[in-house]
Amino acid sequence: MTAKTSYDPVMRVLHWLSTLVIIGLFAVGLWMVDLSYYSSWYQTAPHWHKSIGILLAGATILRLGWKMTHTMPKVEGKAWERKAATAAHHTIYLLLAVLFVSGYLISTSDGRGIDVFTWFTVPSAGELFPNQSDIAGDVHYYVAITLIALAVIHTLAALKHHFIDKDNTLRKMIGGNPK
């Protein structure tokens, strides 16, 4: 069996779609905390943010399942770089999980489920602990900032591999031909 030289189209689409959605949700999240009650976006922005967040959680579960059931290309670089890349990827998934759970806890503490557009509703578990919305909100905010910071480092590392090391790290995810 030959080693894979690039990610398959499913992983590439899930990676880049997740990237765009995470950046978009982060930007909208920062913007919507300053909306006033009288803004026309006061109800709409959080609804879209929650709906897209739930869909991203589903896509992330799909992505993890795909990753566990399909062969992935080897991580390139020095031993410490491979270890750092693996740790960064695991941390990104962990941060996403914390974001999904904290977002759920913020949105459902009043007993209402999360309506995902008009397609389905994720049921509420209600308020599980005192000040749930506030605590989960703080966690959601700081974890989102940490995720974006780690994503920037991830991007810089991929660019370093492409332009300085001249290896196939970035080509594997954009679908280019390996050198």
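Everything below is about the structure shown above.
Everything in this summary refers to the structure shown in the same document.

Re the overall build of the protein
Part 1: Counting its regular elements, the protein contains five helices and two strands.
Part 2: Put simply, the protein runs from its N terminus to its C terminus through helices and strands in the order α-α-α-β-β-α-α.
Part 3: In terms of its C-alpha atoms, the protein occupies a principal-axis envelope of roughly 55 × 30 × 30 Å.
Part 4: Per-residue burial for the protein yields a buried fraction of 32% across its 179 residues.
Part 5: Within the protein, residue pairs in contact and separated by at least 24 positions form 67% of the contacts whose partners lie at least 6 positions apart.
Part 6: As displayed, the protein has an accessible area near 11,300 Å², and 68% of this comes from carbon and sulfur atoms.
Part 7: Across the protein, the centroid of the 15 positively charged side chains sits 16 Å from that of the 11 negatively charged ones.

Quick notes on the pattern of salt bridges
Should their charged atoms come close, side chains of opposite charge can pair.
Part 1: The final tally for this structure, using the stated rule, is four salt bridges.
Part 2: With its nearest N and O atoms 2.5 Å apart, the salt bridge here joins Asp 110 to Arg 112.
Part 3: Take Asp 110: its relative accessible area is 44%, and that puts it in the partly exposed class.
Part 4: Looking at Arg 112, the relative accessible area reads 59%, which means it is exposed.
Part 5: Among the charged side chains, a salt-bridge network with shared partners connects Glu 81, Lys 160 and Asp 165.

A look at the nonpolar core
Part 1: The biggest cluster of nonpolar side chains holds 14 residues, and the ones touching the most others in it are Ile 22 and Leu 147.
Part 2: For this core, the elements supplying multiple residues, two or more each, are α1 (9–32), α3 (79–108) and α4 (132–165).
Part 3: Every residue in contact with Ile 22, bar those within four places of it in the chain, is listed here: Leu 56, Leu 96, Leu 147 and Ile 148.

Points about the packing of α3 against α4
Part 1: At a closest axis distance of 8 Å, the pairing of α3 and α4 adopts a crossing angle of 155°. If you check the angle between α3 and α4, you find them roughly antiparallel. Two packed elements cross with a definite hand, and for α3 against α4 that hand is left-handed.
Part 2: Residues that form the contact of α3 with α4 fall into these classes: 14 nonpolar, twelve polar and three charged.

Topic: a nonpolar patch on the surface
Part 1: Where nonpolar side chains cluster on the molecular surface, the patch consists of Val 152, Leu 156, Leu 159, Phe 163 and Ile 164 and spans about 500 Å² of accessible area.
Part 2: One can find Leu 159 in helix α4.

Quick notes on unusual backbone geometry
Part 1: Of note in this structure, Asn 131 is not a glycine but carries a positive phi near 60°.
Part 2: In this fold, Asn 131 is placed in the loop between β2 (120–122) and α4.
Part 3: A positive phi angle is found at Lys 166, which is not glycine, with a value near 55°.
Part 4: Structurally, Lys 166 can be placed in the loop between α4 and α5 (169–174).
Part 5: For Lys 166, a relative accessible area of 48% translates into the label partly exposed.

Topic: helix α2 (residues 41–69)
Part 1: For α2, spanning 29 residues, the distance from its first C-alpha to its last is 41 Å, which sits close to the expected 42 Å at 1.5 Å a residue.
Part 2: Those residues of α2 not exposed but buried are Ala 45, His 49, Ser 51, Gly 53, Leu 56, Ala 57, Ala 59, Thr 60 and Arg 63.

Observations regarding the packing of α1 against α4
Part 1: Where α1 contacts α4, the two axes come as close as 11 Å, and the packing angle between them is 135°. Considering the angle they form, α1 stands oblique to α4. Crossing hand, α1 versus α4: left-handed. Packed against α1, whose contacting residues are His 15, Ile 22, Phe 26 and Leu 30, the element α4 presents Tyr 141, Ala 144, Ile 145, Leu 147, Ile 148 and His 154 at the interface.
Part 2: Among the residues forming the contact of α1 with α4, the class breakdown is eight nonpolar, two polar and no charged.

What counts, and where the lines are drawn
Residues numbered from 1 in each chain as written. Predicted model: local features only at pLDDT ≥ 70, side-chain atom pairs only at ≥ 80, totals over all residues. Heavy atoms only, no water. Helix = DSSP H or I, 4+ residues; strand = E, 2+ residues; numbered from the N terminus. Buried < 20%, exposed > 50% of the residue type's maximum accessible area, 1.4 Å probe, protein only. Contact = heavy atoms within 4.5 Å. Areas by Shrake-Rupley, 256 points an atom, 1.4 Å probe, with all protein chains shown as cover. Lys, Arg positive; Asp, Glu negative; His and termini not counted. Charge placed at Lys NZ, Arg CZ, Asp CG, Glu CD. Salt bridge = Lys/Arg side-chain N within 4 Å of Asp/Glu carboxyl O. Core = buried A, V, L, I, M, F, W, Y, C linked by side-chain atoms within 4.5 Å. Axes fitted to C-alpha atoms, helices over the stretch in contact; angles between N-to-C directions. Parallel < 35°, antiparallel > 145°, perpendicular 65-115°, else oblique. Left-handed = near helix turned anticlockwise from the far one by under 90°. Nonpolar A, V, L, I, M, F, W, Y, C, P; charged D, E, K, R; others polar. Patch = residues over 30% accessible without salt bridge, like charges linked within 9 Å, V, L, I, M, F, W, Y side chains within 5 Å. Expected span 1.5 Å × (residues − 1).

The analysis is restricted to geometry; functional conclusions fall outside its scope.
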